[in-house]
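The residues making up each chain are set out below.
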Amino acid sequence: MVELLQTLWQRPNFVVFVILFLWGFYIMAAHPNFVKKLIGLYIVQTSAIFFLVAFSAKDGAAVPIIISEGVVDAAAYANPLPHVLTVTAIVVQVATLGVSLALVSSIYRKYRSLDEDEVMEQLE
Amino acid sequence: MTFELPLLVLLVMTAAGAILVKDLISAVFILGSYSFALALVWALLGAVDVAFVEAVVGAGLATVFFLLTLFRTEEKDTQIRRPPMPWAAFVGLPLLALLLLYGAGDLPAFGDPTSPASVHISPTYLENSVAQTRTPNVVTAVLMDYRSFDTFIETIVIFTGGIACALILRRGRS
């Protein structure tokens, strides 16, 4: 138990990731309001990206922009690969968010409600 | 490392605000501030490009999308109730959190330069990108040169998203 607390104290990023991921996931699954669901979805997506970027950090490392000439020491710069993948992921995430908000908007136009339960009542 | 813990606390607090606030427009603005806090954390971790993209696309564009949706709604729909928490969530979520946290011991230490993610291909990119692509920013070099097909296909995803939005929101003959 003490060991577990120690490992967690050394990894505050991971604890924050777990809190954000599970809370966002719960809101996404259980909240009846569509916009709140999408807020939960957004938090889940950003927490996963946050987890990936936390792996790219190195102690005392610089931003991956190389200004010096000659041989490059890879340990002196942060890992650029997670950055590249997550830049792509953020843009795709906002594109999917736009599509889902368009769906919510068209649901509102037809049923005049953002609440899942009210829409289900009208459907029955 | 000194700024890291306060920023992480800020991150969790803004996320909690976005989730718990009962007024949807306020929740969307708090979500924007959550994105900015996230961008700050990423800048601190050395991921400046990701921080830029999050501040512009996440905090800016996503907030605008949310607001465009909410501006068409009436006021009674943006004031929401908070649902009661089912007992299954009371049991299930802490259990899941414990399982995830238990796995934390197997992860590489934070900031470890010899973690598996940092010794596979990324040293190759760091060491050779200036000689091979003449670009000082390694993230740009990988995004636009080594993995340009990936980026190219991604623009197709964005295009598909735009087309889907236009088709869903189309008015007129039904």
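Residues numbered from 1 in each chain as written. Chains lettered and ligands numbered in written order. Predicted model: local features only at pLDDT ≥ 70, side-chain atom pairs only at ≥ 80, totals over all residues. Heavy atoms only, no water.

## Focus: the confidence of the model for chain B
Residue and element names in this part refer to chain B. Cut-off, in case you're wondering: For every residue, the predictor reports its confidence as pLDDT, a number between 0 and 100. Here a strand is any run of E in DSSP of at least two residues, a helix any run of H or I of at least four, and the numbering for each starts at the N terminus.
Chain-level statistics for chain B give a pLDDT mean of 88 and a share of 97% at 70 or above. Looking over chain B, one finds the lowest element-wise mean pLDDT in helix α4 (residues 75–78), namely 77, and the highest in helix α2 (residues 24–44), namely 93. This complex was scored by the predictor with a pTM of 0.91 and an ipTM of 0.91.

## Examining the interface of chain B and chain A
Let me state the cut-off plainly: Contacts were defined at the residue level, with two residues in contact if any of their heavy atoms lie within 4.5 Å. By definition, the buried area sums, over both parts, the 1.4 Å-probe accessible area that each loses when the two are put together. Between Lys or Arg on one side and Asp or Glu on the other, a salt bridge is scored when a side-chain nitrogen of the former is within 4 Å of a carboxyl oxygen of the latter. Distance and chemistry together define a polar contact, namely a pair of N or O atoms within 3.5 Å, with one atom able to donate a hydrogen and the other to accept it when in protein, and with adjacent residues in sequence counting only for side-chain atoms on both sides.
Contact with chain B, which involves 92 residues of that partner, is made by 77 residues of chain A. Both sides of the chain B and chain A interface together cover about 7700 Å² of buried area, and 76% of this is carbon and sulfur. Here chain B is connected to chain A by one salt bridge. One salt bridge connects Glu 74 of chain B with Arg 112 of chain A, and the closest N-O pair in it is separated by 3.6 Å. Counting across the interface, chain B meets chain A through 16 residue pairs in polar contact (both at pLDDT 80 or more). When residues in the side of chain B that touches chain A are grouped by element, the largest group, 14 residues, is from helix α3 (residues 48–71) of chain B.

## Describing the side chain of Ser 118 of chain B
Under the convention used in this document: Type-normalised accessible area, obtained with a 1.4 Å probe on protein chains alone, sets the label of each residue: buried when under 20%, exposed when over 50%, and partly exposed for intermediate values.
By the secondary structure assignment, Ser 118 of chain B is in helix α6 (residues 116–119). Look at Ser 118 of chain B and you get buried, because its relative accessible area is 3%. Not counting residues within four places of it along the chain, the set of residues in contact with Ser 118 of chain B comprises Phe 55, Lys 58 and Asn 79 of chain A together with Asp 112, Pro 113 and Pro 123 of chain B.

## Some words on helix α5 (residues 87–102) of chain B
Put simply, the test is: Multiplying one less than the number of residues by 1.5 Å gives the expected span of a helix. The arc refers to the directions leading from the helix axis to the C-beta atoms.
Over its 16 residues, α5 of chain B runs 23 Å from end to end, which matches the ideal 22 Å to within 8%, given 1.5 Å per residue. Residues of α5 of chain B that are buried: Ala 89, Leu 93, Ala 97 and Leu 101 of chain B. One side of α5 of chain B carries all its buried residues, which in axial view fall inside an arc of 80 degrees. In α5 of chain B, those exposed residues whose orientation departs by more than 90 degrees from the buried face are Trp 87, Leu 95, Leu 98, Leu 99 and Tyr 102 of chain B. Looking at the packing, one finds that the buried side of α5 of chain B touches α1 (2–10) and α2 (12–30) of chain A.

## Section: the nonpolar core
Where we set the bar: Residue types Ala, Val, Leu, Ile, Met, Phe, Trp, Tyr and Cys, when buried and joined through side-chain atoms within 4.5 Å, form a set referred to as a nonpolar core.
The biggest cluster of nonpolar side chains holds 64 residues, and the ones touching the most others in it are Phe 50 of chain A together with Leu 11, Tyr 34, Trp 42 and Phe 66 of chain B. Mapped by element, the contributors of at least two residues to this core are α2, α3 (34–56) and α4 (80–111) of chain A together with α1 (4–20), α2, α3 and α5 of chain B. Residues within four places of Trp 42 of chain B in sequence aside, it is in contact with Thr 46, Ile 49, Phe 50, Val 53 and Ile 90 of chain A together with Ala 47, Val 50, Ala 51 and Glu 54 of chain B. Counting 12 residues, the second-largest nonpolar core is a separate cluster that includes Val 72, Ala 74 and Tyr 77 of chain A together with Val 139 of chain B.

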